[in-house]
Amino acid sequence: MKSYAFGVDLGGTTVKLGLFQSDGTLVEKWEIPTRKDNKGENLLPDIALAVLGKLAERGLTVSDVEGLGMGVPGAVLNDCYVKPCVNLNQWGGFDVAEEMSKLCKMPVKIVNDANAAALGEMGQGGGKGHKNVVFVTLGTGVGGGVIVDGRLLTGVHGAGGEIGHMKVVEHEERACGCGKHGCLEQYASATGLVNSAKKKLAEDGAVTRLREFSNLTCKDICDCAKEGDAVALELIEEMTRLLGKALASISCVCDPEIVVIGGGVSKAGNILVDGVRKYFKEYAFPGAEETEFALAELGNDAGIYGGVQMIIG
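Reading the values: rules and limits
Residues numbered from 1 in each chain as written. Predicted model: local features only at pLDDT ≥ 70, side-chain atom pairs only at ≥ 80, totals over all residues. Heavy atoms only, no water. Pairing = 2+ DSSP bridges. Helix = DSSP H or I, 4+ residues; strand = E, 2+ residues; numbered from the N terminus. Contact = heavy atoms within 4.5 Å. Axes fitted to C-alpha atoms, helices over the stretch in contact; angles between N-to-C directions. Buried < 20%, exposed > 50% of the residue type's maximum accessible area, 1.4 Å probe, protein only. Lys, Arg positive; Asp, Glu negative; His and termini not counted. Salt bridge = Lys/Arg side-chain N within 4 Å of Asp/Glu carboxyl O. Phe/Tyr/Trp six-rings, centres within 6.5 Å; stacked < 30°, edge-to-face > 60°. Lys NZ or Arg CZ within 6 Å of the ring centre and 35° of its normal.

(A) Region of interest: the sheet that holds strand β12 (residues 258-262). A sheet is described by the order of its strands in space; here five strands give the open sequence β11-β10-β9-β12-β13, paired in mixed fashion. On the outer flanks of this sheet lie β11 (151-152) and β13 (292-295), each paired with one strand and no other. Pairing of β12 with β13, which is carried by four bridges, proceeds in the parallel orientation. For Ile258, the partnering residue across the bridge sits in β13 and is Glu292. Sheet strands in contact with helix α8 (residues 230-254) are β9 (133-138), β10 (142-148), β12 and β13, and its direction is about 155 degrees off that of β9.

(B) Expanded view of unusual backbone geometry. Unusually for a residue other than glycine, Asn38 sits at a positive phi of about 50 degrees. If you check the backbone angles, Asp79 has positive phi at about 60 degrees while not being a glycine. By secondary structure assignment, the location of Asp79 is in the loop between β5 (76-77) and β6 (81-82). Given the relative accessible area of 37%, Asp79 is considered partly exposed.

(C) How the structure looks around the side chain of Lys16. Mapped onto the elements, Lys16 comes out in strand β2 (residues 14-21). Of the buried charged residues, Lys16 lacks a salt bridge, with Glu31 as the closest side chain of opposite charge at 4.5 Å. Setting aside chain neighbours within four positions, we find Lys16 in contact with Gly7, Val8, Asp9, Trp30, Glu31, Asn300 and Ile304.

(D) Main features of the packing of aromatic side chains. What the rule picks out here adds up to four aromatic pairs. Arranged with centres 5.1 Å apart and planes meeting at 75 degrees, the rings of Phe20 and Tyr305 form a pair that is edge-to-face. Taken as a pair, Phe20 in strand β2 and Tyr305 in helix α10 (residues 302-312) lie far apart in primary sequence, 285 residues in all. In this pair, the class of Phe20 matches that of Tyr305, namely buried. Taking the centre distance of 5.1 Å and the plane angle of 75 degrees together, the rings of Phe280 and Phe293 count as edge-to-face. Remark: Phe293 occurs in strand β13 and Phe280 occurs in helix α9 (residues 270-283); sequence separation between them is 13 residues. Note that Lys54 overlies the ring of Trp30, its terminal NZ or CZ placed 4.5 Å from the centroid.

Following this line, the structure appears as C-alpha cells:
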C-alpha cells in the first residue's frame, strides 16, 4: 500500500478535504468553496486542483497516493455513478469517479455523504472496533448508513441507508421533502422537532417556556426538556419513541452490534440517547435488546474519514 490517501466531503456550501496516511491517520484538513454555478462545471476541477496543489505543497506526487474517496449529497451506484443531487442544483447523472480520476490521476471511489459518515464513524469514531454498525445522523434532515460485516449496504438503487424516509406515522397530512408522508425525518430531525413543537403550541394551551422563544430551535426544546419543562419533555419523548421504533425495525433486518447517533441533534446527549435506547428495547426483537448505543465522535470530519475509508478499507 502507498503512503497516503485523500478523503473528500462534497457539501452544498463547502468541500472538505483531508490528506491521510494509509493507516487512516489524518495529516491535514482544509476546505474550499463549493462552486455550483454553470451546472457545477467547476466542482471536480476545483477539487482536483486542491488535491494536486496539496501534493505539490508537500513535495509529494500521485505515485505516493493510494487513491481518493469522496462523499456526495446524493444517491451513488457502484461507487462511481452519481444520480442528480438536489443540494447541488441537480449536478450529477454521470460517472463521477471516472471523471475525477482523469483529473487527479489516481483511483477514485464515490459514496453517498451519509454513508461516508457511517464509514468514518466505524473506522475512527463512535463505532470504532465494530463491523456491523447502523449510523443515523439527525440534522436538518435524517440520514444514515448501514454497515454489515464492514461493508456498506447501499442497495440496487443507492437507497440503502435512507433511514429518514421510513414511514413511521400514518395519516400525516404534511409532505416530507421526498414527497411522501409520515417519514421519520418529519419528526426526528431538528426541523421536524421544531415543526412538531409549533404544531403542539398552536393546538395546546399548556404553560411552557417554549412560548418564550420568538425563533424556536431544536436546541431550545432540548434545553427546556433538560430543565424539566413538561411540554418539551413530551416532545422529546415522542421523537425518541419514533426513532427507537424505527431503529428496532432496522435491527430486525441487519442486527447491528452498535447504533451510532450523530448530527446536530445528537448534541442533546443523554436525554436523546437514553430515550432512544429505552424505546429500542421495547420494540426490538428478543435477543437484540442489548444492542449498544453511542454518540458520534467525528463531527463534521466524519465525511472525510469515511471517504478515505473507501480507499484504505
